[in-house]
Amino acid sequence: MISARRTTLRLVLAALLQPLPAVPVPAAEPAAVPVPVSAQDAQAWIRQTVPLPKQIEIESKVTVPAARIQILGAAKAGVLGKQAVEELRERIGTRQTGGQTGDAAFSVLLEIPEVKVAALAALKNADQAYQIIPDGAATSLRLVALTPRGLYYAAKTMQQLLRVQADGQVEIPLARVTDWPDMEKRGLWGSDCCAHLRWMADRKLNIAEQIADRGVDAQGKPYARLKGGQEPMVEEGPRYAVEPVPVVLHLEQVAGKGLFRAYPELKARGGQEGAICYSKPGFAEILAEWLVQLGSLPGVSEVDVWMAENLHQQGGCQCADCRKEDRNILELRTILAAWHKARETLPKLTIFVLTSEETEKSNPRLLRELPPEVKLWYYHSLLTYNTSETPMLRNYLADAAKAGRWVGVCPSLTAFVNFAHPFTGADFVHYRLNEFVDKGMSGLIGYATPRLHYSLFNVEAAAEWSWNASGRTPREFALSWAVRRGMRDPAKFAAWSETLGPVAWDVYGSDWPCGELRNHPPPVAKRLRQGEFGGLGANLWGVYRSPWGDIKNLAQLDADVARAEQAMQLAREMNDAAILQESLVVQGYIRSLKALYELRQIIKPENPVPPARREDARRYFTMYADGLEQAAAALPGWEETVRRPGDAQRFTARPVEVIRGMVKQMQTAQAELGL
């Protein structure tokens, strides 16, 4: 039985649903008698779904020849309705409709009723809600929604529930489903997400963002267009209910695209290189033209504008007019002026505005100035691109959402950004998405680097819990993932995920080893010699967690070491290369952190190594190096299990280089100590 606050296997819809308008069902010649489905089989069936529907009940099934299944679309469902029918037929292996009506043994009917279904209309995000309803004679299933998008999602769930057998027979559960998403927009930005639109759609992800090419040409004319390879966003996205959203990159990063060459008066006086003077009116006109060109692309109705980031304490324009106002407010007002100008050409165009670490202190005021139609994405390079077990969203964001403001969030879904590592992190994603839903976020654009297929588990988990945050537990999700992947022992995979995932979360949440990329604070080898880092749980300035900011005490550290060993044993039993290599990586890291902790207890700046502890110190120096070398050796092995022929490079090369540099630095420190 799947336990959850809002999801059950059994439900009584009579009190929830008003009767649906009667729709004529084509006559069907019975092919099989309904067969009862046990609770265990119903649970196995439901594990094929992703995301887990909010309410689902399966009590019986029928088995029908594929050729005698009739799939009838809704006339007013448009492109999405047509796609839903095609995908259902593709799923059962037939392009036919089941022949003449009288030859059909079972009908799947896609409907958008003329009379709005009150029970669906009352649900959150009702435009994506749907029902699946069996008839009393076990000869049809009705897929009912208020919109083509909702109908498409009903068909997605139906596809997942069909069991197609080798002999052409199809097992059809007579499922009763009512479902709707917690978050309105759920998707990804960047990386290669536009190459995975069908995969995203299969998991009910519905938005894909990519940074557009934009600038000013030699004649001073603004241009904006998709970059090469992004065409599937507009060519395929709408067919899969995935909204294409072009992005105007952080506004201080447009200078290299001809802006200041054509309009030198827009260059900031002082401030960070690339900053724009917003007291001059010209930039709003240029941005408006970019918005019009991007908003005119097929299927595009929204454009995302990213506010400036990385001003490195130098700020924006320091001219007399700009100094009178907060630069972030000036920038937002310029964006809004451009949007209003663009709407003179495209009246229905809407925009997102994405914040940054530069705007953080101004965000509450930005929210107050935003018109209701403008959506806000919350992004902060230090606070949203991490895996720390700390709440991500500030109170002002939750307050704005509670007051009815559309607020979404842009988090990383991987161990590190552009530093490839394995991370089967069900607990991590569950934690993040439940925070987002509990605090009223309307949207998610996750970032999965270096390629989506390096992080399929975590991205699918984000799809799961952005739709149904209170459905599956992390263990139940891992079990359902293994079932859908056809793994030999799903229960053992779930046990492995439950054992190793929290260890990896502690390691990666502590910025280990990615924190070593920074020059400040210094590398741990130097800090060890000088006694400059704090104890377990230390977190510098609230953002720099290396080496053990998410490991709060010795009991947690020792438990992680033990759990990593248990996960290694499970991985060996499963005999799966990807699982084994991931286990080796995480075990290597947690052992290196254990060794570092012990070295910190021994080595003091005033008395580096007491004679009685010299052998202990040697042992822990060796343990530190061995743990990191184990991770460095396993990373390329893991990458071989996930990379695809089109991947142009080995994305783990840089992490391996960093790790081996860490080993050399610590060996130098060891030699300096005479050990």
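Up top you'll find the structure we're talking about.
Summarised in this report is the structure supplied together with it. What you are looking at is a predicted structure, and each value in this text was computed from that prediction instead of being measured.

## Comments concerning the packing of helix H12 (residues 426-438) against helix H15 (residues 490-509)
Piece 1. Between H12 and H15, the shortest axis-to-axis distance is 7 Å and the interhelical angle comes to 65°. When the axes of H12 and H15 are compared, the pair comes out roughly perpendicular. Residue-level contacts link Ala426, Asp427, Phe428 and Tyr431 of H12 to Ser497, Pro502 and Trp505 of H15.
Piece 2. Looking at the contact of H12 with H15, its residues break down into 5 nonpolar, 1 polar and 1 charged.

## Quick look at the environment of isoleucine 602
Piece 1. Position of isoleucine 602 relative to the elements: it lies in helix H18 (residues 577-602).
Piece 2. In the structure, isoleucine 602 is positioned 306 residues away from serine 296 in sequence and 65 Å away in space, judged by C-alpha atoms.

## Notes on the pattern of salt bridges
Piece 1. If you walk through the whole model with that rule in mind, you get 43 salt bridges.
Piece 2. A salt bridge links arginine 365 to glutamate 369; the shortest N-O distance between them is 3.9 Å. Of this pair, arginine 365 and glutamate 369 both sit in helix H10 (residues 363-369), separated by 4 residues, roughly a single helical turn.
Piece 3. Linked through salt bridges whose partners overlap, the residues forming this network are Glu87, Glu90, Lys156, Arg198 and Asp202.

## A closer look at the sheet that holds strand E18 (residues 443-447)
Piece 1. Pairing within the closed barrel is parallel, and its 8 strands lie in the order E9-E10-E13-E14-E15-E16-E17-E18. Neighbour-to-neighbour, the strand axes of the sheet open up by a mean angle of 25°, direction not taken into account.
Piece 2. Where strand E17 (residues 407-409) and E18 come together, 2 bridges link them in parallel fashion. Bridging from a neighbouring strand, glycine 408 pairs with glycine 443 of E18.

## Observations regarding the packing of aromatic side chains
Piece 1. The tally for this structure, following the rule as stated, stands at 28 aromatic pairs.
Piece 2. Ring pairs connect the aromatic residues Phe416, Phe419, Phe423, Phe428, Tyr431, Trp505 and Tyr508, which therefore count as one cluster.
Piece 3. Seen from the ring of tryptophan 45, arginine 163 lies directly overhead, with NZ or CZ sitting 3.8 Å from the centre.
Piece 4. Seen from the ring of tryptophan 467, lysine 204 lies directly overhead, with NZ or CZ sitting 5.5 Å from the centre.

## Describing unusual backbone geometry
Piece 1. With an omega of -5°, the peptide bond between valine 50 and proline 51 qualifies as cis.
Piece 2. Relative to the assigned elements, proline 51 resides in the loop between helix H1 (39-46) and strand E2 (55-65).
Piece 3. Residue proline 547 is bonded to the preceding serine 546 through a cis peptide linkage, with omega at 10°.
Piece 4. When you line up the elements, proline 547 lands in the loop between helix H16 (524-530) and helix H17 (554-574).
Piece 5. The phi torsion at lysine 204 lies on the positive side, around 65°, for a residue other than glycine.
Piece 6. Here lysine 204 is to be found in the loop between helix H5 (197-202) and strand E10 (207-211).

## Examining the state of the cysteines
Piece 1. Inspection of every chain in the model, using the stated rule, returns 0 disulfides.
Piece 2. Free of any disulfide, cysteine 317 has its nearest neighbouring cysteine sulfur in cysteine 319, separated by 3.6 Å.
Piece 3. For cysteine 317, a relative accessible area of 6% translates into the label buried.
Piece 4. Of all cysteine sulfurs, the one in cysteine 319 lies closest to cysteine 322, which takes part in no disulfide; the gap is 3.6 Å.

## As for H17
Piece 1. An ideal rise of 1.5 Å per residue puts 30 Å on 21 residues; H17 measures up with 30 Å between its terminal C-alpha atoms.
Piece 2. Buried within H17 we find Leu557, Asp560, Ala564, Ala567, Met568, Leu570, Ala571 and Met574. Angularly, the buried residues of H17 cover 165° about the axis, an arc narrow enough to put them on a single face.
Piece 3. At its buried positions, H17 is contacted by H15 and H18.
Piece 4. Where H17 starts, the residue carrying a side-chain oxygen 3.3 Å from the main-chain nitrogen of alanine 555 turns out to be asparagine 553.

## A look at helix H9 (residues 327-342)
Piece 1. Its 16 residues place the ends of H9 23 Å apart at the C-alpha level, agreeing with the 22 Å of an ideal helix rising 1.5 Å per residue.
Piece 2. Counting buried residues along H9, 12 of its 16 residues qualify, which places the element largely inside the surrounding structure.
Piece 3. Within H9, burial applies to Arg327, Asn328, Ile329, Leu330, Glu331, Leu332, Thr334, Ile335, Leu336, Ala338, Trp339 and Ala342.
Piece 4. As for H9, its buried residues are in contact with helix H8 (282-295), strand E14 (302-306), strand E15 (350-354) and H10.

## Digging into the nonpolar core
Piece 1. Counting 202 residues, the largest nonpolar core has Leu143, Ile172, Phe283, Leu291, Tyr508, Trp512 and Tyr589 as its most contacted members.
Piece 2. Contacts of tyrosine 508, omitting those with residues within four sequence positions, involve Thr387, Ala415, Phe416, His421, Pro422, Phe423, Val585, Val586 and Tyr589.

## Some points on the pairing of strand E5 (residues 130-134)
Piece 1. Counted residue by residue, E5 has 5 buried out of 5 residues, so it is predominantly covered.
Piece 2. Where burial is concerned, the two faces of E5 agree: the one with Tyr130, Ile132 and Pro134 and the one with Gln131 and Ile133 are both buried.
Piece 3. As defined by bridge partners, E5 adjoins strand E6 (residues 140-145) across 5 bridges and the pair is classed as antiparallel. If you follow isoleucine 133 over to E6, its bridge partner there is arginine 142.
Piece 4. Where E5 folds back onto E6 in an antiparallel hairpin, the turn is made up of 5 residues, including alanine 138, whose phi is positive at roughly 60°.
Piece 5. Of the strand pairs in this sheet, E5 and strand E8 (residues 169-179) are connected by 3 bridges, and their pairing is antiparallel.

Rules used throughout
Every chain's residues receive numbers from 1 upward, in the order its sequence appears when written. Given that this is a predicted model, residues contribute local features only at a pLDDT of at least 70 and side-chain atom pairs are listed and counted only at 80 or more, while totals for whole chains, interfaces and linings are drawn from all residues. The side-chain quantities take in all heavy atoms of the structure and omit both hydrogens and water. Axis lines are fitted through C-alpha atoms, for helices just across the contact stretch, and the angle between N-to-C directions can take any value from 0 to 180 degrees. Here a helix means four or more residues in a row that DSSP labels H or I, a strand means two or more in a row labelled E, and each is numbered from the N terminus. Here is the rule for angles: anything less than 35 degrees is roughly parallel, anything more than 145 is roughly antiparallel, 65 through 115 is roughly perpendicular, and the remaining ranges are oblique. Contacts between residues were defined by any pair of non-hydrogen atoms, one from each residue, lying within 4.5 Å. Three classes are used, and their members are as follows: Ala, Val, Leu, Ile, Met, Phe, Trp, Tyr, Cys and Pro are nonpolar, Asp, Glu, Lys and Arg are charged, and the others, Gly among them, are polar. In the sections that follow, a salt bridge refers to a side-chain nitrogen of Lys or Arg positioned within 4 Å of a carboxyl oxygen of Asp or Glu. A pair of strands is treated as paired once DSSP finds two or more bridges between them. To pair, rings of Phe, Tyr and Trp, with the six-membered ring standing in for Trp, must have centres within 6.5 Å; the planes then decide the type, stacked if under 30 degrees apart, edge-to-face if over 60, and tilted in the middle. To sit over a ring, a charge needs its Lys NZ or Arg CZ within 6 Å of the ring centre and within 35 degrees of the ring normal. A pair of cysteine sulfur atoms is labelled a disulfide when the two atoms are within 2.5 Å. When a residue's accessible area, from a 1.4 Å probe over protein chains only, is under 20% of the maximum for its type it is buried; when over 50% it is exposed; and in between it is partly exposed. Working rule for helices: expected span equals 1.5 Å times residues minus one. The directions considered for the arc are those from the helix axis to the C-beta atoms. Two N or O atoms count as a polar contact when they lie within 3.5 Å, although within protein this holds only if one can serve as hydrogen donor and the other as acceptor, and sequence-adjacent residues are included solely when both atoms are side-chain atoms. What we call a nonpolar core is a set of buried Ala, Val, Leu, Ile, Met, Phe, Trp, Tyr and Cys residues that are connected through their side-chain atoms within 4.5 Å.

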